[in-house]
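What follows is each chain in one-letter form.
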Number of protein chains: 4
Amino acid sequence: MAEPLWSGRLGQGMSETLQRLSVSVPYDQRLYREDIACSRAHLQALERAGVVTHQEREQLDAALDALRQEMDAGTFSWDESLEDVHSNIERALIARLGDVAKKLHTGRSRNDQVATDTRLFLRAAIDEILAQVYRLRAVLIQRAREEAATVFPGFTHLQSAQPVTFGHHLLAYEAMLTRDCGRLRDCRARLNQCPLGAGALAGNTYGLDRQLTSSLLGFASPMENSLDAVADRDYILEFLSAASVVMVHLSRLGEEVVLWMTPAFGLITLPDELTTGSSIMPQKKNPDMAELVRAKSGRVFGALVTLLTVMKGQPLAYNRDNQEDKEPLFDTIDTLLLVLPATQAIAASLCVNRERAIELAAAGFATATDLADHLVRGGMPFREAHERVGGLVRACLDKGCTLEQLTCHDMEQALGIVDDQMAHVVTLSGSLQARDHLGGTAPSQVHAAAEKAELRLQRERNPGATAQDTPPCG
Amino acid sequence: MAEPLWSGRLGQGMSETLQRLSVSVPYDQRLYREDIACSRAHLQALERAGVVTHQEREQLDAALDALRQEMDAGTFSWDESLEDVHSNIERALIARLGDVAKKLHTGRSRNDQVATDTRLFLRAAIDEILAQVYRLRAVLIQRAREEAATVFPGFTHLQSAQPVTFGHHLLAYEAMLTRDCGRLRDCRARLNQCPLGAGALAGNTYGLDRQLTSSLLGFASPMENSLDAVADRDYILEFLSAASVVMVHLSRLGEEVVLWMTPAFGLITLPDELTTGSSIMPQKKNPDMAELVRAKSGRVFGALVTLLTVMKGQPLAYNRDNQEDKEPLFDTIDTLLLVLPATQAIAASLCVNRERAIELAAAGFATATDLADHLVRGGMPFREAHERVGGLVRACLDKGCTLEQLTCHDMEQALGIVDDQMAHVVTLSGSLQARDHLGGTAPSQVHAAAEKAELRLQRERNPGATAQDTPPCG
Amino acid sequence: MAEPLWSGRLGQGMSETLQRLSVSVPYDQRLYREDIACSRAHLQALERAGVVTHQEREQLDAALDALRQEMDAGTFSWDESLEDVHSNIERALIARLGDVAKKLHTGRSRNDQVATDTRLFLRAAIDEILAQVYRLRAVLIQRAREEAATVFPGFTHLQSAQPVTFGHHLLAYEAMLTRDCGRLRDCRARLNQCPLGAGALAGNTYGLDRQLTSSLLGFASPMENSLDAVADRDYILEFLSAASVVMVHLSRLGEEVVLWMTPAFGLITLPDELTTGSSIMPQKKNPDMAELVRAKSGRVFGALVTLLTVMKGQPLAYNRDNQEDKEPLFDTIDTLLLVLPATQAIAASLCVNRERAIELAAAGFATATDLADHLVRGGMPFREAHERVGGLVRACLDKGCTLEQLTCHDMEQALGIVDDQMAHVVTLSGSLQARDHLGGTAPSQVHAAAEKAELRLQRERNPGATAQDTPPCG
Amino acid sequence: MAEPLWSGRLGQGMSETLQRLSVSVPYDQRLYREDIACSRAHLQALERAGVVTHQEREQLDAALDALRQEMDAGTFSWDESLEDVHSNIERALIARLGDVAKKLHTGRSRNDQVATDTRLFLRAAIDEILAQVYRLRAVLIQRAREEAATVFPGFTHLQSAQPVTFGHHLLAYEAMLTRDCGRLRDCRARLNQCPLGAGALAGNTYGLDRQLTSSLLGFASPMENSLDAVADRDYILEFLSAASVVMVHLSRLGEEVVLWMTPAFGLITLPDELTTGSSIMPQKKNPDMAELVRAKSGRVFGALVTLLTVMKGQPLAYNRDNQEDKEPLFDTIDTLLLVLPATQAIAASLCVNRERAIELAAAGFATATDLADHLVRGGMPFREAHERVGGLVRACLDKGCTLEQLTCHDMEQALGIVDDQMAHVVTLSGSLQARDHLGGTAPSQVHAAAEKAELRLQRERNPGATAQDTPPCG
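Cut-offs and rules
Residues numbered from 1 in each chain as written. Chains lettered and ligands numbered in written order. Predicted model: local features only at pLDDT ≥ 70, side-chain atom pairs only at ≥ 80, totals over all residues. Heavy atoms only, no water. Domains from an automatic or database assignment. Least-squares fit on C-alpha atoms with pLDDT ≥ 70 in both. Contact = heavy atoms within 4.5 Å. Phe/Tyr/Trp six-rings, centres within 6.5 Å; stacked < 30°, edge-to-face > 60°. Helix = DSSP H or I, 4+ residues; strand = E, 2+ residues; numbered from the N terminus. Buried < 20%, exposed > 50% of the residue type's maximum accessible area, 1.4 Å probe, protein only. Lys NZ or Arg CZ within 6 Å of the ring centre and 35° of its normal. Polar contact = N/O pair within 3.5 Å; in protein donor to acceptor, adjacent residues only side chain to side chain. Pairing = 2+ DSSP bridges.

**Q** Mind showing me how you'd approach the domain arrangement of chain A here?
**A** Many descriptions give the size of an interface as the accessible area lost when the pieces come together. Split by domain assignment, chain A resolves into domain 1 (16-106), domain 2 (111-353) and domain 3 (368-426). Inter-centroid distance (C-alpha atoms) of domain 1 of chain A to domain 3 of chain A is 77 Å.

Written out as structure tokens, the structure is:
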């Protein structure tokens, strides 16, 4: 076993049981880029504080860069007995450069170091995730334009409710994802503060220029309280929460795709390459992709619960418990980066079976509200209109006919009133066109909404003058 | 059993089992103010659309106002057989005004209605919660000023790490709560859109002026997609997430108060009226308040899991499942409004036992890092200094003395070097003053940080020119 | 404010904030029967230990009984300022009987008292819940008998997979619920130990006969460690876990009922009184009951997370955090007692639309596996048969026909082989009958399985000789 | 990309996005032993059903055995493009044996196959976990014997409550873990049923002898409903629940170890090899091991929430969502097998600082209850005794003395009564000895309890005549 970074005080090394329990290299090595970027910024502060010379800094800088290249290339040999990514890098530096490398850890602790690394990592991950959500929204907007007038059954309680257009339905998801982007950007902005310089918990004694390291790493500012800087993980909790809501939204679309693809609904077709077969049933064409998108919400919710549990009731400042933040974080990032492209592929390629959509949209007396509304416009109080049309529906059920198939005579008998617009009012197109207002399902509104969504998406993708800082270690 | 709002179509009333399962009046009656405000705004849109006359609107308006007063006064008699708050109010109106009241529900559905009510309710609740968090932050800042120079043990792994000031420690919580306020305000801003006019799912057929109702209710704008407006509950999930992080923070302070009050730590005293005794042990003075603050994190995390579970995989648009959003929401609001004042009381009145704090801050060789840092400033690489001081600590342990008790001779022997500053470097005040940088624990920094926090808090409390909209139904 | 039970040591009463935070009477008054039963058993131990005389015990016993009757009748006036149910009862006793009542709390603490009360309460609740699950299983078995030969589409991935019988499908739920009963009974058996006598944490000094109180309260034995007796809540966690699995199972049935009732599936009809309508859409008939059964899984999972969070990392022995165990427990019990009868009603009254079931069972080439199996029985390796039949299905899709509609010529061309059984093999009844083995879907197997399930249920309901103890305070 | 097992029906392979989403080989390859054992049992049923000849079975059997050896040796080359462990094994067989290998998948589906594999895997894992919990209990019992008379402070609310013995405290954990073992064994017994033969969902058409395969694999019986056999994952939920409760218990001990090791408590010492140091603070000796034991509760609770979420509301029978069961299961097993040995190491080697323990046990008037009890035994009602002793404690606080330091005169003044036993009653040993009853903390009771625990543990480890079945693929 390699010697840990703190061999001075304790008489012996760790027991093997403790080592197995506490090793984090297998997963935290993912932070090596951020850890090296963080060390390079720290070196500049050390030089400014006179702890290392310019020459020493350049020497260490070059060695760190070389390490990063080896790690990128996969040729670096990680040593699990060295606990974590920080120790691996520091030991490698010492092995190569000797005493000068022992200066690197001056004025910092693994506590502020890992907090900085993780913030850098998550910041870059959010940018990647945002790019994928933007892409998904672009797909939804594009499809919504194409399907702005496509009749589709609108459900409540999964029962026929009112006809909508498929474009309108897709834009509902675009709206949800727009708020998700807002949450992710808020999280990114809030986490973009630099813990470096906080030391183990109380600050450092070298007067390190925290503004400098913060700027070098692209942070908006240094964190203002050193205890807070090493102790809190609320930025990860906020991310996991935002990710959970993203997964709620995607799971709903996943569920709908599964439903729409059933023979019973028969509303959409997916291309073969986005489906799977069965090892036993030769006829199967399964929506596994949508099922997995739906199911993977579980692991993201689980990650959130994991970290909430870990953080609850911890006394300040740093406790080893915090090490348990990384796996739920990484798994959630990976999950989003898997399911978002999958959802893009589904949304881009699903094909609506228009006839079946019309058939289902017309089923279940979905335009009954339109008829009631029509009566109201003629002066009848809504509750009364609601009751009379309810009675008419029951009459249809008894006769086995649809609203459109009713004769004027039937209508008059059941409603006590009839006029020449009623026949149009109960058609699908009549119903759609009647909802011609902001947020309504009328095709013209869907076109307008898609236009507006497109512009908003462009603004979000290119915030322009108020450009976001670029992650220096992407 | 009273007749439900939808008696036309279905032959019989609900079975008793279904009624017991589905009744929501016992809890959703809390929404009556919002429901009535929502109806009054809707009436203006109905008048503008020509569905009700000016006179009818005034009549309904007055009756709604009267209902609200009765409900405020507790004299309204709620009927559980009428499912929910909406039905109770509508039935009462019909009972009083007859046919004209049947017009109220024109062009809306309980789906957009309840979404609007809930957003109004949560918006007001967030304002109340924010006021309480601001108050807690004010207490922490005030106490931090008073305790800016109070020596306090700083822990990592709950072991003596480095001395801090108690003011610095308190400001760590203030920093966490500042981010919490940001999250709550972001949530408030994002939810502040009006679902009204979305109808059951597809919009309405009366061309209701959605901009009008949105403005009347103080919303920033109408929601842009009717399906989204009735189907999503992400605003509640976002709130429950933000609330969970608040509870993480408070649970940590709760845990610390419990620890500090133990005879073993003995760091603080709480006034008797904030503690409880035992029914069996006459000597007990228990920190129940802090324990409950800590424990109540559980129910808030649970509420979040509840709603994540409910929302996962729901097909659009509205499903009855969504009714399950209210109890976790209400319970979380109530919990925050219980624990925040409790935490204020604790923070305002806890009294640091200064001698014991100094004793514990000095224990465990908490200034060893300072000595290592001093050696580094003298030119020794940090890793080497760390090892030598580690050896010195072990020597102290063997001798049973503290760092301050070492003689120059001891130091020279163990470290191979000695100078005349070392004696000061290892004192508590030397250690505190050495961390004199942004975010550090030096008393002057704590004063500066408190000043800055105070200004920020004032800005947040009085956003000034960019005033927030006032909730119309507070 | 009334004086608490521990007024000796602390100078003042609780602050109002603390009072509001810590009051539990509004919910823990549900434990009054158990609390009184527990006190009455404790009195017998006190008499045996010589702490109270026989006469005193009788006096106290009668007063406790009178209190219980008042509480049953709703005439007892609960005082919220008296914290909890225990204090309310003890204060009332003292008010009525004076000094003798002050002897009751001898040798016990609220810590062992509340643990005993809760175990008694949960034990009775499990019995009630078990009775409801048994009833649901009886309904499922009865319906399975009736529907043992009813063709029903069997889905995997919600795609047509293989035909099953509806009875077989129902018995799948019966099997799940049978394991649920096992879990609930295991939980009941494990919790059935008596904490009384454990005192605050260390035991009592009166040599109270713990075997006596344990027996009087129907427990299997006293708990063997006093610290454990007051500190752990694993019995509630176990119950909440078992309840969560019950809810997983019911949520699946709820989901299926919602799906089956859609116009698209059209597989079942529910009677009107188990459905609801819409406040706006006159034609709606919504499966709210099934939706709520499904959704209420959320609150039960949430309750489990709540208590896991509360218990995590608590040092021994009792902490006030434990008070937070009651609301999640009570809510879960209430939820189960709501959803179980609802599910019984649904299961008992849903009516399969047989024609539609056959239609969907036949759709999607659901008997393709049967054909592949038939080829295998003729000597072809399964993987090859699977591929050939897959090709045949594709041919059907191209031709727009079903497997049953294929001619012998078609079959021979696609499969390279044909025989005179193939036509039967691909029929629904052929497919069902072919799965005539233990656990298979053939009607005869369903009958046999229902028979077996019935016998098992009877055994569970009447464990006979090894009768369970009767709860003394039901 | 390799061809999947279901290439017949679908025109093209999976898209790369879908492949990345759905691949499970990286984790489900852990099931290879179980998968091969399952195939070998299935082959016997196929031979008995006449699907394969004896010779064919032997040939396949040998090839499967060879595969297993390669996999054991790590020389098998897994192909991620082949989705899962089942496909990898089947493809390898076909590559080696040709057509005969294509017969293996006859009469089964991956649905019943993976359910069988997972049950076998979990059954073996539970046995391993049980062995570790037994070992931990043995350590606790052994330590309890050694520390049966060691005075230790007993806390409630983390305040001094009553003195206990350290052995008594350790046995509280032993009692919790005993119930945990019961839960794990119940889970094992309930899951020990064989899904094989259930096919995709409806059974198989070959009349496979399910009793045979069940016996060969060491199951108690075949599962009785084929839909249930492939659809449910309650056995994993039950395991994750039991594991969560184990983690609650271990997290409490972890928390206590952290507290006890603080300089303030100073109650125990851990050997250096079970602690870690700091990268910056040379003096640190940190209880990371205990912190990680505590923190890892988070991931286990998270795993439970993950799978509850995945299973909620799934329609029957198999959905791809179920694939998400494996990672939370594996991670939980691994976690338990990490933290249990760690806790054994801690429990075996922690050393109580006896003087400090006595000091803290005596602090805080921990024997006040004893004095009150003594007054009661003298005839005073408990509530009155409680109040008087409370007043006495306050007097001590004012005087700055302990109960033991009070003079007879002080006592008489404050209590209105004094006798010659009081001085003994308020000593630690007097207090411990007074709790000499089943479950009490008196040293003799601790010895007796340890004895009893030892016998019970032996019985559980060697259930004797009613020996458990041995897992055939361990």
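**Q** For this particular structure, what's the right way to read the relation of the copies chain C and chain D?
**A** Mapping one chain copy onto the other needs a rotation about an axis and a shift along that axis. The two copies are related by a screw motion: chain C maps onto chain D through a turn of 180° and a shift of 0.0 Å along the axis, at an RMSD of 0.0 Å. In the structure described here, the two chain copies are related by an operation that fits a two-fold rotation axis. Across chain C, the smallest distance between a C-alpha and the rotation axis is recorded for C:Ser241, namely 3.0 Å. Of all interface residues in chain C, 99% are interface residues in chain D too; the two copies therefore contact each other through one and the same surface.

**Q** Help me understand the packing of aromatic side chains, please; the structure alone is not making it clear to me.
**A** The description of two aromatic rings rests on the distance between their centres and on the angle between their planes. Under the criterion given, the structure shown has 30 aromatic pairs over all chains. Judged by centre distance (5.6 Å) and plane angle (70°), the rings of A:Phe166 and A:Trp260 are edge-to-face. Highlighted residues: A:Phe166 in helix 7 (residues 166-191) and A:Trp260 in helix 10 (residues 234-261), separated in sequence by 94 residues. Pair check on accessibility: A:Phe166 and A:Trp260 agree, each one buried. Across from the ring centre of B:Phe330, 4.8 Å away, lies the NZ or CZ of B:Arg30, which sits over that ring. Over the ring of C:Phe219 we find C:Arg123; its NZ or CZ atom is 5.0 Å from the centre of that ring.

**Q** Help me understand the side chain of D:Arg123, please; the structure alone is not making it clear to me.
**A** Within the secondary structure, D:Arg123 is located in helix 6 (residues 110-146). Polar contacts involving the side chain of D:Arg123 include one to the side chain of D:Asn192, which spans 2.8 Å.

**Q** Looking at this model, I keep getting lost on the pairing of strand 1 (residues 151-156) of chain B. Mind explaining?
**A** Regular strands place their side chains on alternate faces of the sheet. Residues and elements named next belong to chain B. Within strand 1, 6 of the 6 residues are buried, leaving the element largely enclosed by the surrounding structure. Burial of the side chains of strand 1 extends over both faces: Val151, Pro153 and Phe155 are buried on one face and Phe152, Gly154 and Thr156 on the other. Alignment of strand 1 against strand 2 (residues 159-165), held across 6 bridges, turns out to be antiparallel. Counted as the bridge partner of Pro153 is Pro163 from strand 2.

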